[in-house]
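Chain and residue survey
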Amino acid sequence: MLVQLQKPPKLKKMRIAVFPGSFDPITIGHYDIVKRALPLFDKIIVAIGQNSNKKYLFSLEKRLELLTELFQDEPKVERNAYSGLTADYCRTENAKYLLRGLRSSADFEYEKTIAQLNKDLHPDLETVFFVSAPQYTHISSTIVREIIINNGDATQFLPEKLRNLIA
Ligand code: ADP
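Everything in this summary refers to the structure shown in the same document. (Residues numbered from 1 in each chain as written. Predicted model: local features only at pLDDT ≥ 70, side-chain atom pairs only at ≥ 80, totals over all residues. Heavy atoms only, no water.)

Regarding the site of the ligand
Inclusion rule: Near residues are defined by distance, with any heavy atom within 4 Å of the molecule or strand qualifying the residue. Here a polar contact means two N or O atoms within 3.5 Å. Within protein one must be a hydrogen donor candidate and the other an acceptor candidate, and residues neighboring in sequence count only if both atoms are side-chain atoms. Only the protein chains shown count as covering a residue, and every accessible area follows the Shrake-Rupley method with a 1.4 Å probe. Secondary structure counts use DSSP, requiring at least four H or I residues in a row for a helix and at least two E residues in a row for a strand, with both numbered from the N terminus.
Around the ligand there are 17 residues in total, and S22, R100, G101, Y136 and I139 lie nearest to it. At 3.2 Å from an oxygen atom of the ligand is found a side-chain nitrogen or oxygen belonging to H30. When the free accessible area of the ligand is taken as 560 Å², the share hidden by the protein chains comes to 87%. Only strand 1 (16-21), helix 1 (28-37), strand 4 (97-102) and helix 4 (105-121) provide two or more residues apiece to the shell around the ligand.

Next comes the structure, spelled out in structure tokens:
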């Protein structure tokens, strides 16, 4: 009798990307990057990097809550928080891609250095850059925080779903 040995099905490697940032708070510009990156990856982890030397406007709990709310209908997006090196965090998540956004040449110069350093620390990690959509180039969490602190209305810079959740 001929016994045919069947090869086990190849497990498709998950393409996992980490989108690291402070997200203090997440803006319409960040959201656009995640949405545009979704077709490229099986999973995107929006990861809040915690730096003990940095002062934040929104607590970590609040920032996580905003991410949960924003991506609740998107099964490919997870959110998390981490401390320490981003390259190490990517290893723990088995992520081979790092997502970043570019708004300007200043962003490029800064991001280039970080991407090259991350490559030294974690040679399998590729940084993938998305050029900001022109209508979002001027938007940053810093600007949003400044408006909120000064009692202005920052809603136009926030993803629609979050407009009632951020003062
Ligand atoms: P960080 O604290 O590391 O600067 P941010 O939360 O400010 O993190 O930003 C995370 C990433 O999102 C960075 O790569 C930044 O360049 C990108 N980003 C921020 N705002 C925008 C925007 N309006 N359009 C495109 N990318 C953006």
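Considering unusual backbone geometry
In this chain, D24 is followed by P25 through a cis amide linkage whose omega measures -5°. Tracing the sequence through the fold places P25 in the loop between strand 1 and helix 1. Even without a glycine there, the phi angle at N151 is positive, about 60°. Within the fold, N151 resides in the segment after helix 5 (141-149).

Notes on the packing of aromatic side chains
So the rule is basically this: Note on aromatic contacts: the rings of Phe and Tyr and the six-membered ring of Trp form a pair at centre separations within 6.5 Å, being stacked when their planes are under 30 degrees apart, edge-to-face when over 60 apart, and tilted otherwise. Burial classes follow relative accessibility: with a 1.4 Å probe on protein chains only, a residue under 20% of its type's maximum area counts as buried, one over 50% as exposed, and anything between as partly exposed. Note on geometry: a ring has a charge over it if NZ (lysine) or CZ (arginine) is within 6 Å of the ring centre and within 35 degrees of the ring normal.
This structure, assessed with the given rule, holds 4 aromatic pairs. Ring geometry for Y31 versus F71: centroids 5.8 Å apart, planes at 55°, classification tilted. You can see Y31 sitting in helix 1 and its partner F71 sitting in the loop between helix 2 (60-70) and strand 3 (77-83), a full 40 residues away along the chain. Note on F41 and Y97: the rings are 5.3 Å apart at their centroids and 50° apart in plane angle, and the pair reads as tilted. Separated by 56 residues along the polypeptide, F41 in the loop between helix 1 and strand 2 (43-50) and Y97 in strand 4 bring together distant segments of the chain. Accessibility expressed as a relative area gives 3% for F41, which makes it buried. The ring centre of Y56 lies 4.1 Å from the NZ or CZ of R63, which sits over that ring.

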